[in-house]
Amino acid sequence: MPAQAQAQAQATLPAAQTDLQRTRLQAGMHLIDAQLALTPQQRSAGLMWRQQMPASEGMLFVFEQPAVQCFWMKNTLLPLTAAFVADDGSIINLVDMQPQSEANHCSAKPVRFVLEMHQGWFAKRGIQAGFKLGGAPFRPSQP
């Protein structure tokens, strides 16, 4: 596609959410700049229409109650990995998701948090299910 036609096609895409509240998360020595999707509207739009995203940026979806959370990639242009996260920051399971797919990807058990990052971000850092993320959203474990 010629550059001018490509620019026009990109100009017609709906606006991506880039101005959400943010929080800093830790994955061991790695820092994550996470946008917070707190409302139903913010969670519904998620990372749709984003054409690029810094390597250490992601989106943390925050739900009111733990439930089996299922995600798809309709209108999402970047390949992502979703980490389904327990209240204490422990990763329950990770799933790779392909752009523009309507396939459902679900948490292995009820969770309130889902962290989406670039596909491969967790794998490149050796982060797997059971790894504990840190940051203000995650409550410490109760004794």
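Peer 1: Before we go on, may I ask you to explain the pattern of salt bridges in this structure?
Peer 2: Should the charged atoms of two oppositely charged side chains come close, the side chains can pair. Enumeration according to the criterion identifies 6 salt bridges in this entry. Here Asp 33 and Arg 22 are joined by a salt bridge, their closest N and O atoms 3.0 Å apart. You can see Asp 33 sitting in strand E2 (residues 30-37) and its partner Arg 22 sitting in strand E1 (residues 22-27), a full 11 residues away along the chain. On the basis of relative accessible area, Asp 33 is assigned to the partly exposed category, the value being 24%. In this structure, the salt-bridge partner of Glu 57 is Arg 22, at a minimum N-O distance of 3.2 Å. Of this pair, Glu 57 sits in strand E3 (residues 57-67) while Arg 22 sits in strand E1; the two residues are 35 residues apart in sequence, bridging distant segments of the chain. Three or more residues are tied together by salt bridges with common partners; here these are Arg 22, Asp 33, Arg 50 and Glu 57.

Peer 1: What should I look at first to understand the layout of surface pockets in this one?
Peer 2: By rolling a water-sized probe across the atoms, one finds the places where empty space is left. Of the volumes computed, that of the largest pocket is approximately 200 Å³. Those elements giving two or more residues to the lining of the largest pocket turn out to be helix H2 (40-45), E3 and strand E4 (70-71). In terms of residues, the lining of the largest pocket owes the most to one element, H2, which gives 3 residues. Classifying every residue of the lining of the largest pocket gives 9 nonpolar, 4 polar and 3 charged.

Peer 1: Can you help me understand the environment of Val 111 in this one?
Peer 2: For Val 111, the position within the fold is in strand E8 (residues 111-118). Each C-alpha atom of the pair Val 111 and Ala 86 lies 5.2 Å from the other, and the pair is 25 residues apart in sequence. Setting aside its immediate chain neighbours within four residues, Val 111 contacts Gln 65, Pro 66, Ala 67, Gln 69, Phe 84, Val 85, Ala 86 and Ile 92.

Peer 1: Even after reading the chapter, I still don't get the side chain of Arg 50, so can you show me in this structure?
Peer 2: Turning to its location among the elements, Arg 50 is positioned in the loop between H2 and E3. Judged by relative accessible area, which is 6%, Arg 50 ranks as buried. Discounting residues that sit within four places of it in the chain, Arg 50 has contacts with Ala 16, Gln 17, Thr 18, Gln 35, Glu 57, Leu 77 and Leu 78.

Rules used throughout
Along each chain, residue indices are assigned from 1 in the same order as the chain's sequence is written. Reporting in this predicted model follows two pLDDT cut-offs: at least 70 for local features of residues, and 80 or more for side-chain atom pairs to be given and counted; totals over whole chains, interfaces and linings ignore these cut-offs and use all residues. Excluded from the side-chain calculations are hydrogens and water; all other atoms, namely the structure's heavy atoms, are used. By convention in these notes, a salt bridge is any Lys or Arg side-chain nitrogen within 4 Å of a carboxyl oxygen on Asp or Glu. We count a stretch as a helix when DSSP gives it H or I for four or more residues in a row; a strand needs E for two or more, and each element gets its number in order from the N terminus. Three labels apply to residues, based on accessible area from a 1.4 Å probe with only protein chains included: buried if under 20% of the type maximum, exposed if over 50%, partly exposed otherwise in between. In this analysis a 1.4 Å probe is tested at points of a 1 Å grid over the protein atoms alone, and where it fits but cannot get out there is a cavity; an open set with protein on both sides within 12 Å along at least five of seven lines is a pocket; lining residues have an atom within 4 Å of a point. Grid points are joined across faces, edges and corners, and a volume is the space filled by probe spheres set on the points. Gly falls in the polar group here, along with every residue not listed as nonpolar (Ala, Val, Leu, Ile, Met, Phe, Trp, Tyr, Cys, Pro) or charged (Asp, Glu, Lys, Arg). In this description, contact between two residues means that some pair of their heavy atoms is separated by no more than 4.5 Å.

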